[in-house]
Structures are given as structure tokens and as C-alpha cells.
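What follows is each chain in one-letter form.
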Amino acid sequence: MPASKIFSEIKWTDEVDSTNSAVLREIDSLPERFVLAARLQTDGRGQRGNRWVSAPGENLTFSVLLKDIGIPADDWMVLSESVSVAVVSLLEECGIPDASVKWPNDILVHGRKIAGILIENALEGKYVTRSIIGIGLDVNQEVFPLDIPHVSSMALETGRRYDIAEILDRFIVHYTDILQLPREEVHRRYISRLFRFGKASEWILPDGRRFMGTIKGVLGDGRLEIVDECGGIRRFAFKEVVYSPLS
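Scope of this entry: the structure provided in the associated data block. Predicted model, so just to flag it, every value in this text is computed and none were measured.

## Description of the sheet that holds strand β2 (residues 33-38)
Consideration 1: If you walk across this open sheet you meet the 7 strands as β1-β2-β3-β7-β6-β5-β4, and the pairing is mixed. Looking at which strands have only one partner, the edges of the open sheet turn out to be β1 (9-13) and β4 (99-102). Going from strand to strand, the sheet's axes swing by 20° on average, the running direction of each strand aside.
Consideration 2: Relative to β2, β1 runs parallel, the two sharing 5 bridges.

Take a look at the structure:
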């Protein structure tokens, strides 16, 4: 199915505070499937309340709006998995085959972050009825602030520059394909690219305690399943556990 059949409008703007915020402000007047991309975000937002810093015109920053989706709240992770798999597929097409997904949805290449995803859902009862999915993909930027370590870009990985509008078009094609896959296949592709899946890693709890454990899976509600060193299965929601930098 052509992307135009799913996304009725793809709009570019020169400058905006945050594409997610801009979509939310105009949400009542927007179509059910909508994409807003910005050449410059002045107040881009990332996970954990972090800011997304991007050089003007160098990277791809955009938001996808999905209305009237009716996804069970205990299976909302399909939204994260779908867009993560689409970004990984895009990178592979562009000559970057080694991308992985750091739970829940940071995209890494050789351990360096190349893309981030921020998902903001609206709930009615037991269902997600609307989702705004913000994506920041480092495309042509080659110099980053010193206080943002362990990052990369498509240009740094391949040695070439890209047409940012074309990269968005390619993403939409991949995302359209992913949206039409069975739920089980989306999950399988997500797990197959999950960072350190099946490998013993050190984990840090909010109180600073550490433990060794191996990722067993990811549940539909987004919780990460880890088998600890004693064989017990622990389940963590977002922000309840983080990878140790030493892993």
C-alpha cells in the first residue's frame, strides 16, 4: 500500500519548538494519519525529560500522528516496536546494517546513539486512542557537543551525506510496510535487534543497587523482563532500571 494511502498529509516547517508539541497544539484539526517534519527544532524533547539537540538543517526531526487506533493499553508497546523496526530497516537500506534497539526505543549503531523516539499516548478506558510519535534521526551532523558523548550519525557511519527529505520519504515507506505486518512479526523483528538481548549485563536500579541479568523479553505493556543471576524473572517499567555503562 503506498504511503500516501496511510498518511494523508506530510508537512514540512522551517522552525518549531518541538514537532510533538506542535502536533498536539493543532491536533483537533489534523487528519487521522499525519506527519510533521521540522528543519529546526528549538526545544526538541527526548526520553527521561532530556532535550534533543540537533544542528539546524542537518538531521531529521519529525512526528507521526496516529488517531483512532484503539490499541489495548496493555499492548501499547507495539507502537514503539513498529517505529523502532522501521528506523532500523531504513538504516539498513542506507548501508548501516548493524543498528540495534536499546530498550525501549533508542536506536544505536556500534553502541552509539543515532536516533531517539518519544511516544506520547492518549488513553480512553483500557485503550490507546491516539499516539504522537516523535523521532529524531542524526543524518548529516558530524560534530556534536562535548557533553553529548556516544552519539553517531548516518554521515559518520557511511562517509556520505543524505537528502533529508528523501530520508523521510524512505522512512514512511518502511513504516507503512511495518504497520501492515502481523503483531507477532513486528515483535519478532524488534527482539531480533534488541541491544544485548540474551547477553549477561549489569543493571542499575533507581536507588543505585546493581545486579547482573539477561534480557528474556519485552511485554506488550512495555515492561522489560530480565532473568537475574539467581534465575528469578524481574519485570521493569521504563525508568525502573537502566543499563550499566560498563555493560
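## Overview of the packing of aromatic side chains
Aromatic ring pairs are reported here in terms of the distance separating the ring centres and the angle at which the planes meet.
Consideration 1: Counted according to the given criterion, the structure contains 7 aromatic pairs.
Consideration 2: Chaining the aromatic ring pairs together yields one cluster made of Phe7, Phe62, Phe171 and Tyr175.
Consideration 3: Against the face of Phe211 rests Arg234, its NZ or CZ located 4.1 Å from the ring centre.

## Some points on the sheet that holds strand β12 (residues 242-243)
Consideration 1: Strand order in the open sheet formed by 5 strands is β11-β10-β9-β8-β12, with antiparallel pairing between adjacent strands. Strands at the two margins of the open sheet, each flanked by one partner only, are β11 (233-236) and β12.
Consideration 2: By the bridge criterion, 5 bridges tie strand β9 (residues 210-218) to strand β10 (residues 224-228) in an arrangement that is antiparallel. Bridging from a neighbouring strand, Ile215 pairs with Ile226 of β10.

## Side note on the environment of Leu181
Consideration 1: Note on placement: Leu181 falls in the loop between α5 (164-179) and α6 (183-192).
Consideration 2: Each C-alpha atom, one on Leu181 and one on Arg235, is 27 Å from the other, the two residues being 54 residues apart in sequence.
Consideration 3: In this structure Leu181 touches Val186 and Arg189, once residues within four positions along its chain are discounted.

## Section: the pairing of strand β7 (residues 127-137)
Consideration 1: Of all 11 residues in β7, 9 are buried, a share of seventy percent or more.
Consideration 2: Here 10 bridges tie strand β3 (residues 60-72) to β7, and the two strands are oriented antiparallel to one another. Within the sheet, the bridge partner assigned to Phe62 lies in β7 and is Ile135.
Consideration 3: Relative to β7, strand β6 (residues 112-124) runs antiparallel, the two sharing 10 bridges. Its bridge partner being in β7, Gly116 is matched across the sheet by Gly136.

## As for the side chain of Asp228
Consideration 1: Tracing the sequence through the fold places Asp228 in strand β10.
Consideration 2: For Asp228, a relative accessible area of 13% gives the class buried.
Consideration 3: Within the structure, the side chain of Asp228 is placed 2.9 Å from the backbone nitrogen of Cys230, a separation counted as a polar contact.
Consideration 4: There is a polar contact of 3.1 Å between the side chain of Asp228 and the side chain of Arg234.

Conventions we followed
- Residues numbered from 1 in each chain as written.
- Predicted model: local features only at pLDDT ≥ 70, side-chain atom pairs only at ≥ 80, totals over all residues.
- Heavy atoms only, no water.
- Pairing = 2+ DSSP bridges.
- Helix = DSSP H or I, 4+ residues; strand = E, 2+ residues; numbered from the N terminus.
- Axes fitted to C-alpha atoms, helices over the stretch in contact; angles between N-to-C directions.
- Phe/Tyr/Trp six-rings, centres within 6.5 Å; stacked < 30°, edge-to-face > 60°.
- Lys NZ or Arg CZ within 6 Å of the ring centre and 35° of its normal.
- Contact = heavy atoms within 4.5 Å.
- Buried < 20%, exposed > 50% of the residue type's maximum accessible area, 1.4 Å probe, protein only.
- Polar contact = N/O pair within 3.5 Å; in protein donor to acceptor, adjacent residues only side chain to side chain.

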